[in-house]
Amino acid sequence: MTATAPEELFAALDVARAPADGPAAFGADLAPGTLLAAYRHGLFPLPAADAYASAFNEARAGAAVAAGEIALLPGPDHGTDPEHGTDPYALAWWSPDPRPLLAADGVRLGRKLSRLLRNRLDWWTTADQAFEEVLAACAEGREPPWLTPELQSALIGLHRLGAAHSAEVWEDGELVGGVFGIASGPVLSLDSMFHRRPDAARVAVADLAARFAAAGGRLLDAQWDSPHVRSLGAAPQPRARYLAALAEDAALVRPLDTTRLPAARLAPERPRDPYPRGHARAHRHPYRNARRA
């Protein structure tokens, strides 16, 4: 592949017409340039954990590939003879429709967690200070193990290029939670998170989102819809909206602030109601008061 080939490869792929609940393509490779080009075009990778998983991909999607409904992308040493070529079904590229999206400044912490951050939890956050540790923690114990060593290596390469970011949550010097994702212009695609204390992953997401918003980012992509990502504030949106956001001008997105910051800043004090519940003026009824007059 040439240096520009990955961008051309995914630009030629009609992601807008890809299956809503299945792979959009198989093949290519996990070089950092390939990975970044895929995210820019609304795709993320799911490597097969082993030869059995790869064979399952082929058995399930082979007919759709033959019919042209799912693309088979060229890659290094892909050949017709499995004995002498890389198996394209070992790497799937997904772009679900709908996509769970939320505004970069719209992550919900919840009242209970906000109170804990303000009053009890002495947590601090950083960004891009322990990327490889966050990556390893996200991979630990996950089944199926989609964060393969090859994918981890590619993500580390993206981090060194400034495209992959992490947020870390610390308690007494211990890493207790984190999240990582890939920035594509004004959009940050969240790949995985972990926690060693309750709600530490949620705080990590809120922290990375806040730093991304401060840098000019506008949208977070949670990739897969679930009750958990909805509790963070994500809502399913048509894939077309996500693809349009990726195409927006990225010139305004600046480097992230990576400094150590108090997690309590993510839960500012709510303004007090001047007429709290039970106060006489809080229950004044305009028509009733008018009749008394």
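Data block above holds the structure.
Here the structure is a predicted model, which is why all the values come from computation and not from measurement.

A. Spotlight on the layout of surface pockets. As a volume, the largest pocket reaches approximately 390 Å³. Contributing to the lining of the largest pocket are 16 residues, with Arg142, Asp191, Ser192, Ala222 and Trp224 lying nearest its centre. Residue composition of the lining of the largest pocket, grouped by class: 10 nonpolar, four polar and two charged.

B. Looking closely at the packing of aromatic side chains. Here the structure, examined in full by the defined rule, presents five aromatic pairs. Relative to Trp93, the ring of Phe10 lies with its centre 5.3 Å away and its plane at 70°, an arrangement referred to as edge-to-face. With Phe10 in helix α1 (residues 5–11) and Trp93 in strand β4 (residues 91–94), this pair connects stretches of sequence that are 83 residues apart. With respect to class, Phe10 is no different from Trp93; both count as buried. Judged by centre distance (5.4 Å) and plane angle (75°), the rings of Phe44 and Trp224 are edge-to-face. Residue Phe44 is located in strand β2 (residues 44–47), and its partner Trp224 is located in the loop between β10 (219–221) and α8 (227–231); the two are separated by 180 residues in the primary sequence. A relative accessible area of 38% places Trp224 in the partly exposed class. Every member of this aromatic cluster is reached through a ring pair, and the members are Phe44, Trp94 and Trp224. Above the face of the Trp124 ring, Arg260 is positioned so that its terminal group lies 4.0 Å from the ring centre.

C. Representation of the sheet that holds strand β1 (residues 23–27) within the structure. With mixed pairing, four strands are arranged side by side in an open sheet as β2-β4-β1-β3. Both outer strands of the open sheet, β2 and β3 (71–73), are each paired with one neighbouring strand and no more. On average, adjacent strands in this sheet sit at an angle of 30° to one another, irrespective of strand direction. The sheet contact formed by β1 and β3 spans three bridges and is parallel. Each residue of the ladder has a partner; that of Phe26, found in β3, is Leu72. Contacting β1, β3 and β4, helix α3 (residues 51–66) crosses the sheet at an angle of about 105° to β1.

Reading guide: rules and limits
Residues numbered from 1 in each chain as written. Predicted model: local features only at pLDDT ≥ 70, side-chain atom pairs only at ≥ 80, totals over all residues. Heavy atoms only, no water. 1 Å grid on protein atoms, 1.4 Å probe; cavity = no way out; pocket = protein on both sides within 12 Å on 5 of 7 lines; lining within 4 Å. Points joined across faces, edges and corners; volume = space filled by probe spheres on them. Nonpolar A, V, L, I, M, F, W, Y, C, P; charged D, E, K, R; others polar. Phe/Tyr/Trp six-rings, centres within 6.5 Å; stacked < 30°, edge-to-face > 60°. Helix = DSSP H or I, 4+ residues; strand = E, 2+ residues; numbered from the N terminus. Buried < 20%, exposed > 50% of the residue type's maximum accessible area, 1.4 Å probe, protein only. Lys NZ or Arg CZ within 6 Å of the ring centre and 35° of its normal. Pairing = 2+ DSSP bridges. Axes fitted to C-alpha atoms, helices over the stretch in contact; angles between N-to-C directions. Contact = heavy atoms within 4.5 Å.

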